[in-house]
Amino acid sequence: MPTHAADDELLHRALELARQGIGLASPNPYVGAVITDTQGNVVGTGAYTYAGVKHAEILALEAAGAKARGGTLYINLEPHAHQGRTPPCTDALIAAGIHRVVASMPDPNPKVSGRGFEKLRAAGVHVEVGRLEEQARRLNEAFARYIRHGTPLVTLKSAMTLDGKIAPPPPDATKRSDCAVAEGKFSGNWITGEAARAHVHELRHQHDAILAGIRTILADNPLLTDRSGRPRRRPLLRVILDSRLRLPLESRLVETVARDRTNDVLVFCSSATERKKAQLEQLGVRVEILPATGPDSRPDLPAVLRRLGQLEITCLMIEGGATVNGTALAAGVVDKVFLYYAPKILGGAGSIPFAAGAGFGHMSQAAQVRHLHLHRFGEDFAVEGYLRDPYGE
Ligand SMILES: NC(=O)c1ccc[n+]([C@@H]2O[C@H](COP(=O)([O-])OP(=O)(O)OC[C@H]3O[C@@H](n4cnc5c(N)ncnc54)[C@H](OP(=O)(O)O)[C@@H]3O)[C@@H](O)[C@H]2O)c1
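This section reports on the structure supplied with the text. Because the structure is a prediction, the values reported are computed rather than measured. (Residues numbered from 1 in each chain as written. Predicted model: local features only at pLDDT ≥ 70, side-chain atom pairs only at ≥ 80, totals over all residues. Heavy atoms only, no water.)

Our focus in this paragraph is the overall build of the protein chain. When helices and strands are tallied, the protein chain shows twelve helices and 18 strands. For a compact globule of 393 residues, the expected C-alpha radius of gyration is about 21 Å, and the protein chain comes in at 23 Å, within 12% of that figure. When burial is assessed residue by residue, the protein chain has 51% of its 393 residues classed as buried. In the protein chain, once contacts between residues fewer than 6 apart in sequence are set aside, the share between residues at least 24 apart is 75%. For the protein chain, the accessible area works out to roughly 18100 Å², and carbon and sulfur atoms hold 52% of it. (Helix = DSSP H or I, 4+ residues; strand = E, 2+ residues; numbered from the N terminus. Rg over C-alpha atoms; globule rule 2.2 N^0.38 Å. Buried < 20%, exposed > 50% of the residue type's maximum accessible area, 1.4 Å probe, protein only. Contact = heavy atoms within 4.5 Å. Areas by Shrake-Rupley, 256 points an atom, 1.4 Å probe, with all protein chains shown as cover.)

What follows is the structure, encoded as structure tokens:
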């Protein structure tokens, strides 16, 4: 009989395999599988990627062949019992003679959750659920949010000084062109160091889309690309909130999409001249008009998220400026934060704060960040935490 420690080690391996799906599995979950024979030797492994079609447990079964009979499957997520893009994995596991299944968590999709385990148990397979559950839940939190609500998991990311400033005061408007020609030109140099900035690309790599406000584009002329160097199935969708379609044709966003024809810049506006819309679309920018809300007639954030859900975006990272950050917090759409801090103090009433707008009037109304994880990047550090449970209602 394998010990709990041995089970955990093999589940860790399954989780590692599942992580190979980052950038590749969305909009489906990350799944890794390990099969051991009757003696506890690893005889097959598999990792799911959307393009590879086959599920992790099927790949592991294929690698194991006849050695799977009487063996154990270690997997981070419940095997599915329904016909999807592939036949039910439970049938294949039963047919192969798998004796025991050790899984970290049930499928978060309420329509199918528990059915895979039921089917396996009904066929006499020993099923154990819940080992390394917390790690498994964190890994598939975006899938959970998306499959239960049809909208992406929203992470608010920002880099700031210790006193909560995301940029120095904006330059004198009379000395500024519509679009800065070089990234960071008007906002001064980078806030955080190289290690933290490299980590931002890891975070971008884990996301399906990134969102910024038009004033950030005008100020910094950013690329907003995933430069982690790792493979991804779909390009990172670069989403811009731009009510009146001010996005400059000569911005780096437009230049790159026009050059590379990646179809990965999507602008949400609330009103636009046909001419500017046509100019942008001709260069490969996607423009969508959404209902406007508020006194400034800006695209409604919940509507933006619903639209992104329709586009199979399971997770969105907001890298907005102060206005977008404030709007997202006020709208209650933020699931988690990833806040990088550099040991610097900018001070000054004119410097740009993390979140603009009215904010929360009382300490009792402040957004509460829970389940904190602290990260260190050289002299910089980051706080990762949750404003709400991705698995909640
Ligand atoms: N340190 C960091 O991590 C970081 C990250 C990003 C930006 N920044 C800095 O932030 C500064 C820009 O911040 P900002 O507050 O001026 O602008 P912002 O948040 O980047 O953009 C705000 C603009 O987006 C447009 N918008 C459209 N729909 C919106 C909606 N539903 N909610 C909110 N905004 C919407 C509005 O312009 P329209 O009404 O014209 O549509 C609004 O003025 C820059 O200096 C930049 O360097 C820092």
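What follows covers the site of the ligand. Neighbouring residues of the ligand: 28 residues in total, closest Ala159, Thr216, Asp220, Ser243 and Thr323. One of the backbone N or O atoms of Ala322 is found 3.2 Å from an oxygen atom in the ligand. Notes on the ligand: free accessible area 920 Å², of which the protein chains cover 92%. Mapped by element, the contributors of at least two residues to the shell around the ligand are β6 (153–161), β7 (165–167), α8 (214–220), β13 (298–299) and α12 (322–331). Across the shell around the ligand, the residue classes break down as eleven nonpolar, nine polar and eight charged. (Near = heavy atom within 4 Å. Polar contact = N/O pair within 3.5 Å; in protein donor to acceptor, adjacent residues only side chain to side chain. Nonpolar A, V, L, I, M, F, W, Y, C, P; charged D, E, K, R; others polar.)

Before going further, it helps to examine the side chain of Asp264. Relative to the elements of secondary structure, Asp264 occurs in the loop between α9 (252–260) and β10 (265–269). At 2.9 Å, the side chain of Asp264 forms a polar contact with the side chain of Thr262. Those residues in contact with Asp264 that lie beyond four places of it in its chain are Pro235, Leu236, Leu237, Arg238 and Val257.

This paragraph deals with the sheet that holds strand β15 (residues 336–342). Either a parallel or an antiparallel arrangement is found when strands of a sheet pair, and the pairing is made through backbone hydrogen bonds. Overall, mixed pairing links the nine strands, which are arranged β11-β10-β9-β8-β14-β6-β15-β18-β17 in an open sheet. The open sheet is flanked by β11 (286–289) and β17 (370–377), the only strands paired with a single partner. The mean inter-strand angle of the sheet, taken between neighbouring strand axes irrespective of direction, is 20 degrees. When strand β8 (residues 209–213) meets strand β9 (residues 237–241), the two strands line up parallel, connected through five bridges. Counterpart to Gly213 in the pairing with β9 is Leu241. Most of the contacts of α9 go to β9, to which it runs at about 140 degrees, and overall it touches β9 and β10. (Pairing = 2+ DSSP bridges. Axes fitted to C-alpha atoms, helices over the stretch in contact; angles between N-to-C directions.)

The next point concerns the environment of Leu24. With respect to the element layout, Leu24 can be found in the loop between α1 (4–19) and β1 (32–36). In this structure, the C-alpha to C-alpha distance between Leu24 and Leu305, residues 281 residues apart in sequence, is 21 Å. If sequence neighbours within four positions are ignored, Leu24 has contacts with Thr49, Tyr50, Pro231, Arg232 and Arg233.

Pairing is mixed in the open sheet, where five strands are placed in the order β2-β1-β3-β4-β5. Every interior strand has two partners, whereas the edge strands, β2 (42–47) and β5 (126–129), have only one. Mean inter-strand twist for the sheet, computed between neighbouring axes without regard to direction, equals 15 degrees. The pairing of β1 with β2 spans five bridges and is antiparallel. Bridge pairing in β2 places Ile35 opposite Gly44. Packed onto the sheet, α1 meets β1, β2, β3 (72–75), β4 (100–103) and β5 and runs at close to 140 degrees relative to β1.

This brings us to the side chain of Ser104. Of note, Ser104 is situated in the loop between β4 and α4 (115–122). Among the residues examined, Ser104 registers a relative accessible area of 0% and is labelled buried. When neighbours within four sequence positions are excluded, Ser104 is seen to be in contact with Leu11, Ile75, Asn76, Val129, Gly130, Arg131, Leu132, Glu133 and Ala136.

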